[in-house]
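# A look at the structure
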Amino acid sequence: MTSTPHQAPYKQLRRPTTDRMVAGVASGLGRYFAVDPTLVRVLFAVATLATAGVAALAYPVMWFLMPEEPADAPAWPHPTDPAPPTGG
């Protein structure tokens, strides 16, 4: 009998412990929506400028509300689909 790590049956929005610049909010959003975290960071900056700083309030709120990823979580990218078989 082998033990496999528990994987939720749905995507979870979490802040990763790696690949973070400040708190991991942009990395977590990028992983959740399958986009580059740099794109999320740029969108945060543009939204902050476009709303005269109001959008910047969303970052600390998400930092507080998004749980941190467990230490035993699989490395990025998280396996969502089984890998295709290799030819041979």
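Please refer to the structure higher up on the page.
Notes on the structure follow. What you are looking at is a predicted structure, and each value in this text was computed from that prediction instead of being measured.

## Some words on the nonpolar core
Counting seven residues, the largest nonpolar core is built from Ala23, Val25, Ala26, Leu29, Val40, Phe44 and Met66. It is helix α1 (residues 25-33) that contributes the most residues to this core, three residues altogether. Those residues in contact with phenylalanine 44 that lie beyond four places of it in its chain are Val25, Leu29, Tyr59 and Met62.

## Thoughts on the packing of aromatic side chains
Summed over the entire model, instances satisfying the criterion amount to three aromatic pairs. Aromatic pair tyrosine 32 and phenylalanine 33: ring centres 5.0 Å apart, planes at 90°, arrangement edge-to-face. Phenylalanine 33 sits in the exposed class, given a relative accessible area of 54%. Cluster of aromatic residues (ring-pair linked, three or more members): Phe44, Tyr59 and Trp63.

## Concerning the packing of α1 against helix α2 (residues 37-50)
The packing of two helices is summarised by the inter-axis angle and the distance between the axes. Axis separation between α1 and α2 bottoms out at 8 Å; the angle between their running directions is 120°. It follows from the interaxial angle that α1 and α2 lie oblique. Note on packing geometry: the crossing formed by α1 with α2 is right-handed. Of the residues in α2, those touching α1 at Val25, Ala26, Ser27, Leu29 and Gly30 are Pro37, Val40, Arg41 and Phe44.

## Brief notes about the environment of proline 60
Considering the arrangement of structural elements, one finds proline 60 in helix α3 (residues 58-65). Placed 37 residues apart in sequence, proline 60 and alanine 23 show a C-alpha to C-alpha distance of 9.0 Å.

## Thoughts on the side chain of serine 27
Mapping serine 27 onto the fold places it in helix α1. When neighbours within four sequence positions are excluded, serine 27 is seen to be in contact with Pro16, Asp19, Arg20, Pro37 and Arg41.

## Description of the pattern of salt bridges
Taken as a whole, this structure holds one salt bridge when the rule is applied. As a salt-bridge pair, glutamate 69 and arginine 31 come within 3.5 Å of each other at their nearest N and O atoms. Here glutamate 69 is found in the segment after α3, whereas its partner arginine 31 is found in helix α1, with 38 residues between them in sequence.

## A look at α1
Counting buried positions along α1 yields seven of nine residues, so the element is predominantly enclosed. Positive backbone phi, approximately 55°, marks alanine 34, located one or two places after α1.

## A closer look at the packing of α1 against α3
At a minimum axis distance of 10 Å, the contact between α1 and α3 shows a crossing angle of 75°. When the axes of α1 and α3 are compared, the pair comes out roughly perpendicular. Contacts from Val25, Ala26 and Leu29 of α1 reach α3 at Tyr59, Met62 and Trp63. Looking at the contact of α1 with α3, its residues break down into six nonpolar, no polar and no charged.

Rules and cut-offs
- Residues numbered from 1 in each chain as written.
- Predicted model: local features only at pLDDT ≥ 70, side-chain atom pairs only at ≥ 80, totals over all residues.
- Heavy atoms only, no water.
- Core = buried A, V, L, I, M, F, W, Y, C linked by side-chain atoms within 4.5 Å.
- Buried < 20%, exposed > 50% of the residue type's maximum accessible area, 1.4 Å probe, protein only.
- Helix = DSSP H or I, 4+ residues; strand = E, 2+ residues; numbered from the N terminus.
- Contact = heavy atoms within 4.5 Å.
- Phe/Tyr/Trp six-rings, centres within 6.5 Å; stacked < 30°, edge-to-face > 60°.
- Axes fitted to C-alpha atoms, helices over the stretch in contact; angles between N-to-C directions.
- Parallel < 35°, antiparallel > 145°, perpendicular 65-115°, else oblique.
- Left-handed = near helix turned anticlockwise from the far one by under 90°.
- Salt bridge = Lys/Arg side-chain N within 4 Å of Asp/Glu carboxyl O.
- Nonpolar A, V, L, I, M, F, W, Y, C, P; charged D, E, K, R; others polar.

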